[in-house]
Amino acid sequence: MATVEYQRIGKSFGAFNIMRDISFQIEDHQFVVLLGPSGCGKTTLLRMTAGLESVTQGDLLISGRRVNDMHPRDRDIAMVFQNYALYPTMKVYENIAFSLEVAKQPPAEIKRRVEHAAEILNLTPYLQRYPKELSGGQRQRVAMGRAMVREAAVFLFDEPLSNLDAKLRAHMRTEIRQLHNRLKTTTIYVTHDQIEAMTMADKIVVMRAGKIEQMGTPDDVYDRPASKYVADFIGSSAINFLTGVVVADRGAPAAETKAGLIRLEPSLKVSTGQRVICGVRPTDVMVDPQGSIVARSLLIERMGHEAQLCCEGPEGQFLAIVDKSTHFDERTDVRFSIAPEKVHVFDATTENRV
Ligand code: ATP
């Protein structure tokens, strides 16, 4: 079992500095997801942890030991790659056993560990098959089995589900998290998929252009996004943003936007005249004939259990999740209300949460 600590980590490729001042700690048993769009540096940070990429600045500690200059095989980590990296000419058993053979483990110990991993991963019936004879999900489980038998202190996953179709991804998400609940191995998991992050992580590290934008539990980043960037990245239907100026409305602050007046929480630290961006999740918007926000209906997307009303607001698309039986004529003005405590307010200049 292990902790991982990043102390002011920086990374340059030649003259290009791509990462600065990354500091955070992963506790023993924690499942941490590095989340961010393509190019934000999450894979590089994972590869530095694995020892596949050098650390240019700062200290990287695994279980309190500085590992910056330590060879990957001495770091007590196991990595699962996006493309699984299975050996096509080896059967499943041999693929899982390979690292143990290289490490010259006794044959009886190799057999015990491979069979144990296969049992946990439901791979026992497939041990004598070749990777090409397996489904994508089974291949993914073999890749996990290879990591598991090494009994490493830290598991590193690099977008392990991106080659799978949507249904299998959802299934494997549950399997990986269940495996973690069982083994409790400290895990770092890289993805650009916010649903994976929200459903699997104990803690999410949201990255942006080589820096940490926010770190917290899934609830923290969803309920209290630290910036417009995080609010935009997290959430299944895209959050609505409305720009406005703070005014006083019956003793409480409100934002005067082009779509209408948005009442804000009385305790919010804003000043009259301040330019703000109000973030409102489609699930928090209510159709309300008395509401102060107006947008023009375009179409309703039926999603089975609910529907998404797509509107055109003064600042572009405006979405609301509505009851599936709701009907709206196209191109009519619809009024909405939003509870003040559901409005995420960001300063328009810094785009940080107020
Ligand atoms: P993706 O999801 O697309 O893999 P990422 O968030 O994992 O994205 P990285 O692969 O870590 O991002 O890359 C971060 C930045 O570092 C990018 O701007 C990338 O172009 C740059 N980079 C990565 N590897 C190298 C390299 N070997 N030489 C130069 N620049 C690199």
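Residues numbered from 1 in each chain as written. Predicted model: local features only at pLDDT ≥ 70, side-chain atom pairs only at ≥ 80, totals over all residues. Heavy atoms only, no water.

As a further point, take the domain arrangement of the protein chain. For interface size, the figure often reported is the accessible area lost on association. What the domain assignment lists for the protein chain is domain 1 (4-229) and domain 2 (240-347). Once you take the C-alpha centre of each, domain 1 and domain 2 turn out to be 39 Å apart. Domain 1 puts seven residues into the contact, and the matching count from domain 2 is six residues. Contact with domain 2 buries area across many residues of domain 1, yet Tyr 222, Pro 225 and Lys 228 alone supply 86% of it, more than any other trio. Taken together, domain 1 and domain 2 are joined by zero salt bridges. The interface formed by domain 1 and domain 2 holds one residue pair in polar contact (both at pLDDT 80 or more) in total. (Domains from an automatic or database assignment. Contact = heavy atoms within 4.5 Å. Buried area = accessible area lost by both parts, 1.4 Å probe. Salt bridge = Lys/Arg side-chain N within 4 Å of Asp/Glu carboxyl O. Polar contact = N/O pair within 3.5 Å; in protein donor to acceptor, adjacent residues only side chain to side chain.)

Under the defined criterion, the tally for this structure stands at one cavity of 30 Å³ or more. What the largest cavity holds in volume is close to 60 Å³. Forming the walls of the largest cavity are Phe 31, Phe 155, Phe 157, Ile 176, Leu 179, His 180, Leu 183, Thr 185 and Thr 187. If you list the elements that add at least two residues to the lining of the largest cavity, you get strand 7 (154-158) and helix 5 (166-183). Counting residues per element, the lining of the largest cavity draws most heavily on helix 5, at four residues. (1 Å grid on protein atoms, 1.4 Å probe; cavity = no way out; pocket = protein on both sides within 12 Å on 5 of 7 lines; lining within 4 Å. Points joined across faces, edges and corners; volume = space filled by probe spheres on them. Helix = DSSP H or I, 4+ residues; strand = E, 2+ residues; numbered from the N terminus.)

Once that is clear, we can look at the site of the ligand. Near the ligand you find Phe 13, Ile 18, Pro 37, Ser 38, Gly 39, Cys 40, Gly 41, Lys 42, Thr 43, Thr 44 and Glu 159, and these make up its full shell. In the model, an oxygen atom of the ligand is placed 3.0 Å from a nitrogen or oxygen of the Cys 40 main chain. Here an oxygen atom of the ligand and a side-chain polar atom of Thr 44 are 2.5 Å apart. Its free accessible area being 630 Å², the ligand has 56% of it covered by the protein chains. Residues of the shell around the ligand, tallied by class, amount to four nonpolar, five polar and two charged. (Near = heavy atom within 4 Å. Areas by Shrake-Rupley, 256 points an atom, 1.4 Å probe, with all protein chains shown as cover. Nonpolar A, V, L, I, M, F, W, Y, C, P; charged D, E, K, R; others polar.)

By secondary structure assignment, the location of Gly 304 is in the loop between strand 16 (293-302) and strand 17 (307-313). Under the relative-accessibility criterion, Gly 304 is labelled partly exposed at 48%. Put simply, Gly 304 and Ala 143 are 161 residues apart on the chain and 35 Å apart in space, counted from C-alpha to C-alpha. (Buried < 20%, exposed > 50% of the residue type's maximum accessible area, 1.4 Å probe, protein only.)

With that settled, consider the UniProt feature "domain: ABC transporter" (unreviewed entry) in the protein chain. Feature annotation in UniProt places "domain: ABC transporter" (unreviewed entry) on residues 4-234, given in this structure's numbering. With 37% helix and 26% strand, residues 4-234 has its two end C-alpha atoms placed 25 Å apart. (UniProt positions renumbered as here; feature names shortened; annotations may be inferred.)

Another aspect to go through is helix 4 (residues 136-149). Given 3.6 residues per turn, any residue in an α-helix points the same way as the ones three and four places further on. Between its first and last C-alpha, helix 4 extends 20 Å over 14 residues, near the 20 Å set by a 1.5 Å rise per residue. Among the 14 residues that make up helix 4, 12 are buried, leaving the element largely enclosed by the rest of the structure. Within the sequence span of helix 4, burial applies to Gly 137, Gln 138, Gln 140, Arg 141, Val 142, Ala 143, Met 144, Gly 145, Arg 146, Ala 147, Met 148 and Val 149. Among the structural elements, strand 6 (77-80), helix 2 (92-102), helix 3 (107-120), strand 7 and helix 5 are those in contact with the buried residues of helix 4. (Expected span 1.5 Å × (residues − 1).)

Further remarks concern the packing of aromatic side chains. Tallied over the entire structure, the rule returns eight aromatic pairs. Where Phe 318 meets Phe 336, the ring centres are 5.2 Å apart and the plane angle is 50°; that geometry is what we call tilted. Pair noted here: Phe 318 is in strand 18 (residues 316-322) and Phe 336 is in strand 19 (residues 333-338), with a separation of 18 residues, a long-range link. These aromatic residues form a ring-pair network of at least three members: Phe 31, Phe 155, Phe 157 and Tyr 189. In this structure, Lys 11 is placed above the aromatic ring of Phe 13, and the distance from its NZ or CZ to the ring centre is 4.9 Å. Stacked on the ring of Phe 241, the Lys or Arg Lys 228 has its end atom at 4.8 Å from the ring centre. (Phe/Tyr/Trp six-rings, centres within 6.5 Å; stacked < 30°, edge-to-face > 60°. Lys NZ or Arg CZ within 6 Å of the ring centre and 35° of its normal.)

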